[in-house]
Amino acid sequence: MIAFLSKRLGIGLVTLLVASAVVFFVLEILPGDPALLMLGMNATPEALASMREQMGLNDPVLVRYFSWIGGMLVGDFGRSFTYSSPVIDLIAERVVVSLPLAIISLILSTAIAIPVGIFAAARRGRMGDTVSMGVAQVGVAIPNFWFALLLVYVFAVWLRLLPSGGFPGWGAGVWPGLKALILPAIALALPQAAILARVTRSAMLEVLGEDYIRTARAKGMPRRYVLWRHALRNAMIPVLTIMGLQFAFLLAGTIIIENVFYLPGLGRLVFQAITQRDLIVVEGVIMLLVASVVVVNLVVDILYAVVDPRLRVSA
Amino acid sequence: MKLLKSVLVATALALATSTAAMAQRTDVVIGMVLEPPHLDPTAGAAAAIKEVGYANVFEGLTRIGPDGSVQPGLAESWEISDDGKVYTFKLHTGVKFHDGADFSAEDVKFSIDRAMAEDSVNPQKGLYSAIQSVEVVDSATVVVNLKHPQGAFLWNMGWGEAAIVSPASADGNKERPIGTGPFKFDNWAKGSSITLVKNPDYWGEEVALDRAEFRIIPDSAAAIPALLSGDVHAFSNMPVGDALPQIESDPRFKVVIGSTEGETVLSTNNKKEPFDKLEVRQAIAHALNREEIIQGVPPGLGVPIGSHFAPHHPAYIDLTGTYPYDPEKAKELLAQAGLPDGFSATLKLPPPSYARDGGQIIASQLRQVGINLEIIPLEWADWLSQVFTDKNYDLSIVSHVEPMDIGIYARPDYYFQYENPEFNAVMEELEVTTDEAKRNELYGKAQTILAQDAAVGFLFQLPKIGVWDAKLEGMWENWPLSVADLTKVHWTE
């Protein structure tokens, strides 16, 4: 187990290092002058020169790369060009929105998808299967921003039960904060749940066709017990893989939903930073996301080993 | 029991609503599309910085009123020497910055010197170009010496970028703006909202609002439900798209269509072939059907312009008839220019919808006369480098939103690459002319020259689509500056 973990950690660190170089040098060749963007079309050349100096854009590329890497090692992600506050603070402000949102959506989608998937697999080819997979098909097909707008019109404009968007901050209390995340979490969870339900169903079907399931049934073990105890556990590997991918997506790939609900999440921070050419922020957030994907993968790997003891040995 | 409960609930509700009705509302939520990058008006050009801070948090020597006129600000009054070169400002006394520091003539000198300094990053440094020196006479009197008389000096000092700041807090204004205005900065939840609260120690007239929140709503699809659900009370300029009729028909809201300083033009590279030929530019002007272009940019409320000037200004003259829509004439002019079969060129478009939507229509209009445009969409950063800085373009569409910016055509290195000594002479004369009537006449002359030269393709003035709660009053109807001045905003019930 120790060897397994340290190997995984090593791979993770190399991934981070490679990612940092790719991110930095790709952004370096992006056209656009952050100083000009900040000062606009009426700026005098002297003012632009002063701004570039202030933003630290006059140092050579390699110097900036290594000072950035060196800073990150000690937890200093640099200072935003545009917001002029430390990047780490900007990220922290957004993570407290994006992380709870991602967790709530993941819980929601899992809570819906796994029972539905098992149910459909158990009733393969029957009415329940057709209906639930039909609904899942619709769930996959509906664009989540459209579904989000529908939720806003029903729950905010019409019923006035929930806010139409925005985030009051956790300082306003846990309930107002959660209230602001309910609709976006549902909008994000639905398509994810639909995909996850389909994956669960097919994984379950595969397992249910195995000999040992027939043996278990033949020796008289109750159907429900076979399904939950023997089949599900073995069907979990592909399900966990998809959940890991979904969580990484939910952390930062939610820019559209963040825009519909004008939530100050990580996705919008990156988007704004790219359009403003606030490269240091873009780099910082991307590194954080790479790190979180590495961590999520690590967790998924550990969970594999938990559900399937064979993996503990072979890895 | 059940009956008793519902009676109680009803009574409680009635009580709650009646007490709410007695007290006038004193808070407001204003929606805005773009988040400011920071809040220091002296260090960034983004309009959103001024939208939050102008007249609310920061004040200048003068201020621009809702009608575009120059009004006293921190300067109570001023005297101008006979040669127009010395301005003596009498300042208000008893003024304090939000951090408690006293405001005095020293702060005026500090702010102007700072904006003019070598290492200044003021985005409108040009506003200060005529200033020679600033002298403090006493704590309430300051003298500004100019190199030459400048007609627009008092107006320049009313811009958001000319805010008076305090030496103690100037460097922190990006994060924590400290001004002298009637509202104090309270909180900025990045990506979400900026909150201002009433400044109880304000020197001037008390404002009606206790609290104002600017909520950032980047998506027009989100702006409409935010308004309909009552989460947001007002938009100075709402991204309505084609939903305007829906909002107009709702009695809960007031829709006020105003004008802005945004001249939307088909930018033309005057030094590049074949646009260096007057006939070609005239041909393009004749090929443009402004009404059709305006209709193609929802909600279709732009006002046609024939030169680079805002129609709401007294000096405006209507030059839309200089080269009326006439495709036949356009073809003739192209033939005269030696291009009977037309030509091909590129049209580089920045992200706003007026450019992307308008660009499609312009391309099809120019195709009618034989000019084939290849449309190249660019994001802002790219547009600024390629088109604006490197002048690597044929045609583009952009709205020039700086107020009274006709002078850009006289700049030697500007991206239009337009050069006309006659126009430059008018601008030079205008710079030193202080007489209002004479200035307006010169503005008229300048507009006419640009129109006749077809320096660029003049399209339309961007509209300001003000939408707010019907019970809210005091919002600006027009935008001589794109700001959200809340000093007169109040609820009627």
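Residues numbered from 1 in each chain as written. Chains lettered and ligands numbered in written order. Predicted model: local features only at pLDDT ≥ 70, side-chain atom pairs only at ≥ 80, totals over all residues. Heavy atoms only, no water.

1. Considerations on the domain arrangement of chain A
Residue and element names in this part refer to chain A.
Link 1 in the chain: You can read the domains of chain A as domain 1 (2–87) and domain 2 (91–314).
Link 2 in the chain: Inter-centroid distance (C-alpha atoms) of domain 1 to domain 2 is 32 Å.
Link 3 in the chain: Between domain 1 and domain 2, roughly 2,200 Å² of surface is buried when both sides are summed, and carbon and sulfur atoms account for 75% of that area.
Link 4 in the chain: In this structure, Arg8 and Asp301 form a salt bridge, with 2.7 Å as the shortest nitrogen-oxygen distance.
Link 5 in the chain: Linking domain 1 with domain 2 are five residue pairs in polar contact (both at pLDDT 80 or more), by the criterion used here.
Link 6 in the chain: Secondary structure elements with two or more residues in the side of domain 1 that touches domain 2: α1 (2–28), α2 (34–39) and α4 (61–73).
Link 7 in the chain: With twelve residues, the top contributor of residues to the side of domain 1 that touches domain 2 is α1. (Domains from an automatic or database assignment. Buried area = accessible area lost by both parts, 1.4 Å probe. Salt bridge = Lys/Arg side-chain N within 4 Å of Asp/Glu carboxyl O. Polar contact = N/O pair within 3.5 Å; in protein donor to acceptor, adjacent residues only side chain to side chain. Helix = DSSP H or I, 4+ residues; strand = E, 2+ residues; numbered from the N terminus.)

2. Details of the environment of A:Leu266
Residue and element names in this part refer to chain A.
Link 1 in the chain: Mapped onto the secondary structure, Leu266 falls in helix α12 (residues 266–275).
Link 2 in the chain: On the basis of relative accessibility, which here comes to 2%, the residue Leu266 falls in the buried class.
Link 3 in the chain: Once the C-alpha coordinates of Leu266 and Ile114 are considered, the two residues, 152 residues apart in sequence, prove to be 28 Å apart.
Link 4 in the chain: Here Leu266 is in contact with Ile91, Arg94, Val95, Ser98, Leu251, Glu258, Val285, Leu288 and Leu289, once residues within four sequence places are set aside. (Buried < 20%, exposed > 50% of the residue type's maximum accessible area, 1.4 Å probe, protein only. Contact = heavy atoms within 4.5 Å.)

3. Regarding the interface of chain A and chain B
Link 1 in the chain: Contact with chain A, which involves 43 residues of that partner, is made by 53 residues of chain B.
Link 2 in the chain: Together, the buried faces of chain A and chain B total about 3,600 Å²; carbon and sulfur atoms form 55% of this surface.
Link 3 in the chain: Taken as a group, A:Met41, A:Asn42 and A:Tyr262 account for 22% of the area that chain A buries against chain B, more than any other trio of residues on that side.
Link 4 in the chain: Where chain A touches chain B, the interface holds twelve residue pairs in polar contact (both at pLDDT 80 or more).
Link 5 in the chain: Contributions of two or more residues to the side of chain A that touches chain B are made by α2, α3 (45–55), α5 (87–122), α7 (144–158), α11 (255–260) and α12 of chain A.
Link 6 in the chain: Of the residues belonging to the side of chain A that touches chain B, the class tally is 21 nonpolar, 15 polar and seven charged. (Nonpolar A, V, L, I, M, F, W, Y, C, P; charged D, E, K, R; others polar.)

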